[in-house]
Amino acid sequence: MPRGGAPLVTGVSPKEGPPGTRITIRGENLGHDIKDLIGLNICGVNCLLTAEWKSSSKIIARSGPGKGKGDVIVITKSGGTGSCTVGFKGYFVQIGPLQESAIWIDESQTVNVRRLHAQLPMFSKDDDDPLGISDEGIQIHVQDTEAPVSNETKAYQDSAKYKEEELLDLFPEGSGNLSLENFSAAWYLLENHHSTSFDDLKAGLAYMKRRASHRSEGPIAFVKTNLSSTLDCLESLDAMYQQFRIDDLRGDAVNMYAVLLMQAKSCADGLFQEVLGRKDKADSTRNALSVLQRFKFLFYLPLNIDRNIKRGDYSLVINDYVRARSLFADTQVVVFKRVYADVEERINTFRTMLQTKLLELPTPLEEQKKLIRYLISLGCDGDPAWECLVNQQKWLVGILTKCKDDHIQEEANSLAEGESNIAKSPGALAQGRLRDTNSSVKSTSDQAGWKSGTPQKIVFVEELTSLMLDNIPDFWKLGQAYFSGSLFINTKETSDKHYKVDTSKHSQFKQMVTDLISLFSNLVRAAFLPDSLENIPKETRDPYGKWPCPCSEIPGGWLPSSVRYIRFCVNSLSFLDLPGDSPLILQDLALDIRTNCMFTLLKQAIADVQQLHKKETWTVDTDDESGGTTQLPALFENIVNETIQHLHEVVVQNKTGEPEIFAQRTIQKDATSLCTQLLQAFSPCLHKLAFDPPEISSKKFKKGKKVISPDEPSLPALEDQVPSFDKRLIIILSNCNHTMVRVIPRLVENLNKHGYVEMERALRSDSEENTNISYIPKTDLREGYQVAKDTYEDLDDSLFEAYVEEKSNPIVGAIEQNMYKGGFEWKTCKKPTGVRNYIKEMIMRIIEVHAEVFAVSPVFVTRVTQKVIEAVSEELTRLVQCVTEHGPYSPIQARLELLALQETVNVYLTPHASTCYKDALNELPVLKPEHKKLQEELLNKFKSQMKFQLMCFYGDSILRTSSVA
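In this text the structure is predicted, and so the values were computed from the model without any measurement.

> An account of the overall build of the protein is requested, with residue identities and associated values reported.
The helix and strand tally for the protein stands at 32 helices and 14 strands. Counting only residues that meet the buried cut, the protein has 43% of its 965 residues in that class. Only carbon and sulfur atoms are counted for the fraction: they give 53% of the accessible area of the protein, which is about 52,900 Å².

Written out as structure tokens, the structure reads:
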């Protein structure tokens, strides 16, 4: 009889699991020690060998291959067979041939032959579910725990399952069997989990991921987990071996077993030789197909290379080749070697094609980079990037030189055609050249007739700068990419092929860039500034070309276009941070082109101003308060202002990074000299019009907006001819005064506003303390405004003297003749009856001069009239002083005439004229009182009779105060 109480199992953890599950059993009276425990049944399977007795209330064991629910019964010596209040559920797990297992598996039950032939699902209610979802209550098994599924899943438990025919219709080539190659996951889910909710499926996916992570821990983790079972197996095998040796001392059993096995093998070979032969052939075919399938990438690679090259997928070709090279470059398999040799042959052809394409120019920068990277990836011999740079530099030199040669030839052809036209119609061509020479500065809108009449040098510089801007940035960026290493791919193949940045070529590349910039600069200089190349040896200068047409024959209006092209090109290239002397070469070129354009346009403007006398129409506009002027001062001002504005926009105004054009003293001095010449150029034009005018036709001399009729006595008819000399003098005098007083100051102000040298500095004396002019030499102090002002003042004096002489000589010359007309003698002079006619005629002639000057420029009336009256006064004084003997009435007559003339022109009397009258009166004898009365009566009578004529001297109050310095 047992000495203790019967064992009682009250708890099992876990409550279910496959065979080999580690179970913790808790209860009462489970034995006093390990020897007291004599039995342990789990689901009807004796598991005593795996039991580990811990205490009378705890035993740890592993479940056996029992299926279904069963009790856990503990048997002890002291208590006998026990009972159980809880149970354990065991379920069957299929173990694959490569799957680890810590227990012995009955392999007869691992494969259900019926299911294999019927292609039935491998899992039944007792099978393991890869998602961990059980059919009983649809529970998810995760880490030996159970969790109830959602109510949504339970609601679909009784829904109809899919039939096999329906699944075959949906998946004609699939199967729900996990062990078959055509396994379809969708089939499996529809067959086993068609009513499972989405949340449970997501939980099943998480379960599969966790199981996969556990399996990935490897055999070491499996052994650690099942270390006790492994040691038990080893101990059992060792015990069996030792017992076998004890039982079979002579070894007959081993030999007998070997003979039996050999006989069984021979019998099996005889029975299954044909089958095994077919099996070997099938295996061979299957292996070949497997190899083709496994290495189809290599076998299809030659065809794919040709196809991808034709489609332009170069990256795909290179990726496939690099992959094949890493896998099969060192293969010893004959088939693989043959296919790989075919691949290499195609890649060599492809490599040659890429090299040819890389050397074909022009090519976009990104395309060049791609081609270089392709060649490097393909293991191209040499340095494709550097070869591309050298080839591109040679190509750039060629296209720049060809551009120069083409335009020089085109200009030569144009000149030859022009000479042919001269032979046919020299007059027309000469007129055309004259128009070009006399044309003023053209604005941008005047250059709309592009290409047809454009000088070849302008077309050349446009095309040349376009070539530079299109190619030099890409060339420089490609070089930068080469030396920065961005063109190289850091892989084992490229590093083995010595594709590394060759820093020794950096200085050579800089020289290549500098040579291109120098070539561009010298080509432009040869076209526009050939004198700047005189320091270069002739044999070195020859490649830059010699243009048939001299630079001086390019119309000045076209030069701003060349300056725009050059400046835009230089500014664009300056952002590239070019090496060495390249930036300085470009800056010098731009500065020299700007300077040449400025000097040429100023000279052109000077020439245009000097030809203005040909455009004089002698139409006087008297609307101006300063007096009447023709159109010439306005034309002169327009030419200068247009030139200044045009030069400011194209030349003078600096852009970012450009040097100040007036920073160099030489340029500043020459610009000041040309500006001064431009301001002075109008003076010779006025002088020529006054003293040597060109003939005009079909023009009428106009006064203001009213055409003066030829019948007017003051201004005779001038149709189809130039005005008379005296009329020309007063008109040109008015133009000169207007230019000197108004035009020149405005032009100087405009020059200063646009950044030219402050020309009014020339007015300052050497003793002035002003640091602003300390850099101007003394030789320049007379340049600018003062020089121009002196020029026009000299012209004004010469014109005024000529006009006064022209007007006063006839009046003065007629005084003596008219005074003694009719045999008049002072000695026999009769009693006076009034002022004689020669005085009245003299006054009328003065009035005529007054009217002529007033009609053109009222500001000159006082100045001219005073000079004429001084000449008359001097002549009258001389004649009075020449009288040797007076009669009784001659003093009265002489005084009457002198006083009448003096009071008539009293407004215009100068101190010199007053002195003359005073000297003349002092020469006459003193009058008696009765004679004075007669003199006053006759003088009043004269004023009354000449009242209308005297109004021109007293009627205009403005003239009394107006004067011209």
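Picking up after the structure, the text goes on.
> Kindly report on the environment of Met 208, identifying the contributing residues and their values.
Residue position: Met 208 is located in helix α5 (residues 198-215). Take Met 208: its relative accessible area is 35%, and that puts it in the partly exposed class. Sequence spacing of Met 208 and Gly 132 is 76 residues, and the spatial spacing of their C-alpha atoms is 7.6 Å. The contacts of Met 208, once residues within four sequence positions are left out, are Pro 130 and Leu 131.

> Let's hear about a negative patch on the surface: which residues, and what values?
Together, Asp 794, Asp 797, Glu 801, Glu 805 and Glu 806 make up a region of like negative charge exposed at the surface. Among the structural elements, Asp 794 can be located in helix α25 (residues 785-819).

> Describe the nonpolar core, and please don't skip the residues or the numbers.
In this structure, Phe 528, Met 598, Phe 636, Met 842 and Leu 876 are the most contacted members of the largest nonpolar core, which totals 186 residues. It is helix α20 (residues 582-610) that contributes the most residues to this core, 14 residues altogether. Residue contacts for Phe 636: discarding those within four places in its chain leaves Val 609, Leu 612, Leu 678, Leu 679, Phe 682, Thr 739, Val 743, Ile 744, Leu 747 and Tyr 792. Counting residues in hydrophobic clusters, the runner-up holds 19 residues, among them Ile 23, Ile 25, Leu 40 and Ile 42.

> So what's going on with the packing of aromatic side chains? Residues and values would help.
With the rule as written, the count across this model stands at 17 aromatic pairs. Ring centres 4.8 Å apart and planes at 5° place the aromatic pair Phe 636 and Phe 682 in the stacked group. Within this pair, whereas Phe 636 is found in helix α21 (residues 632-652), its partner Phe 682 is found in helix α23 (residues 682-691), the two being separated by 46 residues in sequence. The burial state of Phe 636 is the same as that of Phe 682; both residues are buried. Ring plane angle 80° and centroid distance 4.9 Å describe the contact between Phe 824 and Trp 826, whose orientation is recorded as edge-to-face. Residue Phe 824 is classed as buried on the basis of its relative accessible area of 15%. One Lys or Arg, Arg 836, reaches over the ring of Trp 826 and ends 5.4 Å from the middle of that ring. If you follow Arg 863 out to its NZ or CZ, it ends over the ring of Phe 800, 3.9 Å from the centre.

> Give a detailed account of the state of the cysteines, specifying residues and quantitative values.
Using the criterion set out here, one finds zero disulfides in the structure. Unpaired in terms of disulfides, Cys 84 finds its nearest cysteine sulfur in Cys 43, a separation of 9.6 Å.

> Describe the sheet that holds strand β6 (residues 52-55), listing the residues and the values that go with them.
Pairing is mixed in the open sheet, where five strands are placed in the order β6-β7-β3-β1-β10. Lying at the two open borders of the sheet, with one neighbouring strand each, are β6 and β10 (83-84). Examined bridge by bridge, β6 and strand β7 (residues 58-62) share three bridges and lie antiparallel to one another. Counterpart to Glu 52 in the pairing with β7 is Ile 60.

> Which residues make up the pairing of strand β1 (residues 8-13), and what values do they have?
Note: β1 against β10, two bridges, orientation parallel. Each residue of the ladder has a partner; that of Val 9, found in β10, is Cys 84. Relative to strand β3 (residues 22-28), β1 is paired through five bridges, and the arrangement is antiparallel. Following the sheet pairing, Val 12 is matched in β3 by Ile 25.

> Please give an account of helix α30 (residues 929-945) that cites residues and values.
Here α30 spans 25 Å end to end across 17 residues, near enough to the 24 Å set by a 1.5 Å rise per residue. Looking at α30, one finds that the buried residues are His 931, Leu 934, Gln 935, Leu 938, Leu 939 and Phe 942. Projected down its long axis, α30 shows its buried positions confined to an angular sector of 135°, all on one face. Turned more than 90 degrees off the buried face of α30, the exposed positions are Pro 929, Lys 933, Glu 936 and Ser 944.

> Residues and numbers for helix α10 (residues 314-328), please.
Between its first and last C-alpha atoms α10 spans 21 Å; for 15 residues at 1.5 Å apiece the expected length is 21 Å, and the two agree. Those residues of α10 that fall on the buried side of the exposure criterion are Tyr 314, Val 317, Ile 318, Asp 320, Tyr 321, Ala 324, Arg 325 and Phe 328. Taken around the axis of α10, the buried residues stretch over an arc of 165°, which confines them to a single face. Exposed residues on α10 whose side chains face more than 90 degrees from its buried face are Asn 319, Ser 326 and Leu 327.

> Let's hear about a nonpolar patch on the surface: which residues, and what values?
Taken together, the side chains of Val 223, Leu 227, Leu 231, Leu 234, Leu 237 and Met 240 present a nonpolar region at the surface, about 570 Å² in accessible area. With five residues, the top contributor of residues to the nonpolar patch is helix α7 (residues 227-247). Inspection of the secondary structure puts Leu 237 in helix α7.

> Can you lay out the pattern of salt bridges for me, pointing to particular residues and giving the numbers?
All told, the structure shown has 24 salt bridges when counted by the stated rule. The closest approach of N and O atoms between Arg 346 and Asp 306, which form a salt bridge, is 2.9 Å. Of this pair, Arg 346 sits in helix α11 (residues 334-359) while Asp 306 sits in helix α9 (residues 296-311); the two residues are 40 residues apart in sequence, bridging distant segments of the chain. The partner of Lys 402 in a salt bridge is Asp 406, with the nearest N and O atoms 2.9 Å apart. You can see Lys 402 and its partner Asp 406 sitting in helix α13 (residues 384-424), four residues apart, about one turn around the helix.

> I'd love a proper account of the packing of α23 against helix α24 (residues 725-753), names of residues and values included.
Closest axis-to-axis distance for the α23/α24 pair is 8 Å, and the angle between their directions is 165°. Put simply, α23 runs roughly antiparallel to α24. Viewed along their axes, α23 and α24 form a crossing whose handedness is right-handed. Contacts between α23 and α24 involve Phe 682, Leu 686, Leu 689, Ala 690 and Phe 691 from the first element and Phe 725, Arg 728, Leu 729, Ile 732, Asn 735, Cys 736 and Thr 739 from the second.

> Tell me about the packing of helix α15 (residues 456-484) against helix α19 (residues 559-574), and please be specific about residues and values.
The geometry of α15 relative to α19 is characterised by a closest axis approach of 9 Å and an angle of 10° between their N-to-C directions. What the angle tells us is that α15 and α19 run roughly parallel. Where α15 approaches α19, its residues Ile 458, Val 461, Glu 462, Thr 465, Met 468, Leu 469, Ile 472 and Pro 473 are matched on the opposing element by Ser 561, Ser 562, Tyr 565, Ile 566, Phe 568, Cys 569, Ser 572 and Leu 573. Residue classes in the contact of α15 with α19 are distributed as eleven nonpolar, four polar and one charged.

> Give me the side chain of Ser 562: which residues, what numbers.
In this fold, Ser 562 is placed in helix α19. Classification of Ser 562 by relative accessible area gives buried; the value is 3%. Here the side chain of Ser 562 touches Leu 559 through a polar contact of 2.6 Å, landing on its backbone oxygen. If near-sequence neighbours (up to four positions away) are discounted, Ser 562 is found in contact with Ile 458, Val 461 and Phe 528.

> Before we move on, could you go through unusual backbone geometry and cite the residues and values that matter?
Residue Pro 14 is bonded to the preceding Ser 13 through a cis peptide linkage, with omega at -5°. Here Pro 14 shows up in the loop between β1 and β2 (16-17). The linkage connecting Leu 361 with the following residue, Pro 362, adopts the cis geometry, with an omega of 0°. Among the secondary structure elements, Pro 362 is positioned in the loop between α11 and α12 (365-377). One non-glycine residue, Asp 577, adopts positive backbone phi at about 55°. Mapped onto the secondary structure, Asp 577 falls in the loop between α19 and α20. Phi at Trp 618 takes a positive value of approximately 60°, unusual for a residue other than glycine. As for its position among the elements, Trp 618 is in the loop between α20 and β12 (619-620). Classification of Trp 618 as buried rests on a relative accessible area of 2%.

Thresholds, definitions, all that
Residues numbered from 1 in each chain as written. Predicted model: local features only at pLDDT ≥ 70, side-chain atom pairs only at ≥ 80, totals over all residues. Heavy atoms only, no water. Helix = DSSP H or I, 4+ residues; strand = E, 2+ residues; numbered from the N terminus. Buried < 20%, exposed > 50% of the residue type's maximum accessible area, 1.4 Å probe, protein only. Areas by Shrake-Rupley, 256 points an atom, 1.4 Å probe, with all protein chains shown as cover. Contact = heavy atoms within 4.5 Å. Patch = residues over 30% accessible without salt bridge, like charges linked within 9 Å, V, L, I, M, F, W, Y side chains within 5 Å. Salt bridge = Lys/Arg side-chain N within 4 Å of Asp/Glu carboxyl O. Lys, Arg positive; Asp, Glu negative; His and termini not counted. Charge placed at Lys NZ, Arg CZ, Asp CG, Glu CD. Core = buried A, V, L, I, M, F, W, Y, C linked by side-chain atoms within 4.5 Å. Phe/Tyr/Trp six-rings, centres within 6.5 Å; stacked < 30°, edge-to-face > 60°. Lys NZ or Arg CZ within 6 Å of the ring centre and 35° of its normal. Disulfide = S-S within 2.5 Å. Pairing = 2+ DSSP bridges. Expected span 1.5 Å × (residues − 1). Arc of directions from axis to C-beta. Axes fitted to C-alpha atoms, helices over the stretch in contact; angles between N-to-C directions. Parallel < 35°, antiparallel > 145°, perpendicular 65-115°, else oblique. Left-handed = near helix turned anticlockwise from the far one by under 90°. Nonpolar A, V, L, I, M, F, W, Y, C, P; charged D, E, K, R; others polar. Polar contact = N/O pair within 3.5 Å; in protein donor to acceptor, adjacent residues only side chain to side chain.

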